[in-house]
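For reference, the chains in residue letters:
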Amino acid sequence: GARPAETPANEFHFSIVGDRAGSPEPQIYGRVWREVALLRPDFVITVGDAIPGNDDDELEAQWSEVKKIWRRYAQFPLYHIPGNHDIWNERSREAFIRHTGFATHYSFRFQNALFVIASTGRGEELPAAELDFIEKELQANGNCDPKFLFFHKPFWIEKFRAGDTGFRLHAMARRYGVRAVIGGHGHRLVHMVRNGITYLEVGSSGGSMSGKLIRGDGFRDGCFYHHVWASVKGSAVWFAVREIDGLFGAGRMFDVAEWGENGPRFDSSDPALANRPET
């Protein structure tokens with residue numbers, strides 16, 4: 001007789017929310033969260049820089065402000081990554097741990113997927129101790145598939161642009177079968193693929209882009225307010241980028257695979273045109 005189809009070990013969705021810091025723009029972050037909540041993800045993960053930071057006197061007030069938004073959507077598990085605006089000294093490190101409930105690095109499993117969260121700290125790259133932590137987690141969870149790495153600063157962009165693929169993080173990602181490496185920090189969408197591994201800089205979900213916009217950077221340069229919807233089925237992973245709508249965006253939505261290293265591979269005025277939508 002016919003055997004029932006094997007159900008995949010994974011079937012879930014999660015949302016990735018970008019930076020809020022660097023003088024948060026009014027109304028943006030809350031709109032992003034409203035959309036995320038309507039999609040009903042299994043959990044949400046941030047890329048860091050939740051608060052403007054860098055000010056000991058404002059530290060507690062800034063955490064209180066952003067936590068008001070999170071409390072409205074407390075039905076979704078929320079995982080935090082430390083950004084350079086969140087942690088700048090020992091006092092702010094302690095506050096990050098207290099307010100988010102997370103260590104500065106940790107890992108978690110969801111179904112058969114592994115998520116490793118590390119801290120780039122104040123430097124541009126991952127310190128050796130963080131790379132050691134990532135390697136230890138990847139080794140200990142070798143049977144997980146897919147595997148995701150999250151940390152705030154996407155130092156891999158410059159390395160890849162310079163043709164360097166030999167650095168330790170990428171070597172580990174290849175060795176342990178990492179599916180995607182995800183960060184934020186730059187307030188622009190960047191997507192690169194190396195050796196079958198997706199590298200993604202999620203852009204702003206409310207962090208200031210006014211400097212970029214004044215310079216004339218726009219959608220084609222990855223400068224638009226968005227969040228990312230990730231779908232996992234078995235070992236397959238898809239990322240859809242969703243621009244907010246209303247006064248602050250055009251509501252464009254597309255598969256990240258359609259976003260090349262030099263920007264969109266589609267008509268940026270209307271991503272759907274590439275699919276010649278029928279009536």
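Let us look at the structure shown here. (Residues numbered from 1 in each chain as written. Predicted model: local features only at pLDDT ≥ 70, side-chain atom pairs only at ≥ 80, totals over all residues. Heavy atoms only, no water.)

What about the sheet that holds strand 8 (residues 190-194)?
What links the strands of a sheet is backbone hydrogen bonding, and the strands pair in either a parallel or an antiparallel sense. Spatial strand order, 4-5-6-7-9-8: six strands in an open sheet with mixed pairing. With partners counted over all chains shown, the strands left at the sheet margins are strand 4 (106-110) and strand 8, one partner each. Taking each pair of neighbouring strands and ignoring which way they run, the sheet shows an average axis angle of 15°. Of the strand pairs in this sheet, strand 7 (residues 180-183) and strand 9 (residues 197-201) are connected by four bridges, and their pairing is parallel. (Pairing = 2+ DSSP bridges. Helix = DSSP H or I, 4+ residues; strand = E, 2+ residues; numbered from the N terminus. Axes fitted to C-alpha atoms, helices over the stretch in contact; angles between N-to-C directions.)

What to know about unusual backbone geometry
Looking along the chain, the bond that leaves Asp-145 and enters Pro-146 is cis, with omega of 0°. Tracing the chain through its elements places Pro-146 in the loop between helix 4 (128-140) and strand 6 (147-150). At Ser-23, a residue that is not glycine, the phi angle is positive and equals roughly 50°. Mapped onto the elements of the fold, Ser-23 is located in the loop between strand 1 (11-17) and helix 1 (28-39).

Topic: the pattern of salt bridges
This model, assessed by the stated rule, comprises 18 salt bridges. The salt bridge partner of Arg-242 is Glu-35, with a shortest N-O separation of 3.0 Å. Linking Arg-242 in strand 11 (residues 236-243) with Glu-35 in helix 1, this pair joins segments that are 207 residues apart in sequence. By the burial criterion, Arg-242 is buried, and Glu-35 matches it. (Salt bridge = Lys/Arg side-chain N within 4 Å of Asp/Glu carboxyl O. Buried < 20%, exposed > 50% of the residue type's maximum accessible area, 1.4 Å probe, protein only.)

Some words on the environment of Pro-146
Residue classification places Pro-146 among the buried positions, given a relative accessible area of 0%. Placed 55 residues apart in sequence, Pro-146 and Glu-201 show a C-alpha to C-alpha distance of 19 Å. Those residues in contact with Pro-146 that sit more than four places away from it in its chain are Asn-10, Asn-112, Ala-113, Leu-114, Arg-179, Val-232, Gly-234, Ser-235 and Val-237. (Contact = heavy atoms within 4.5 Å.)

A few points about the pairing of strand 9
Counting buried residues along strand 9, five of its five residues qualify, which places the element largely inside the surrounding structure. Residues Ile-197, Tyr-199 and Glu-201 line one face of strand 9 and the alternating positions Thr-198 and Leu-200 line the opposite face, and both faces are buried. One ladder, built from five bridges, connects strand 8 with strand 9; its direction is antiparallel. When the sheet's bridge partners are listed, Val-190 is paired in strand 9 with Glu-201. Turn length for the strand 8-strand 9 hairpin, with the two strands adjacent in sequence and antiparallel, is two residues, and the turn residue Asn-195 shows positive phi of about 55°.

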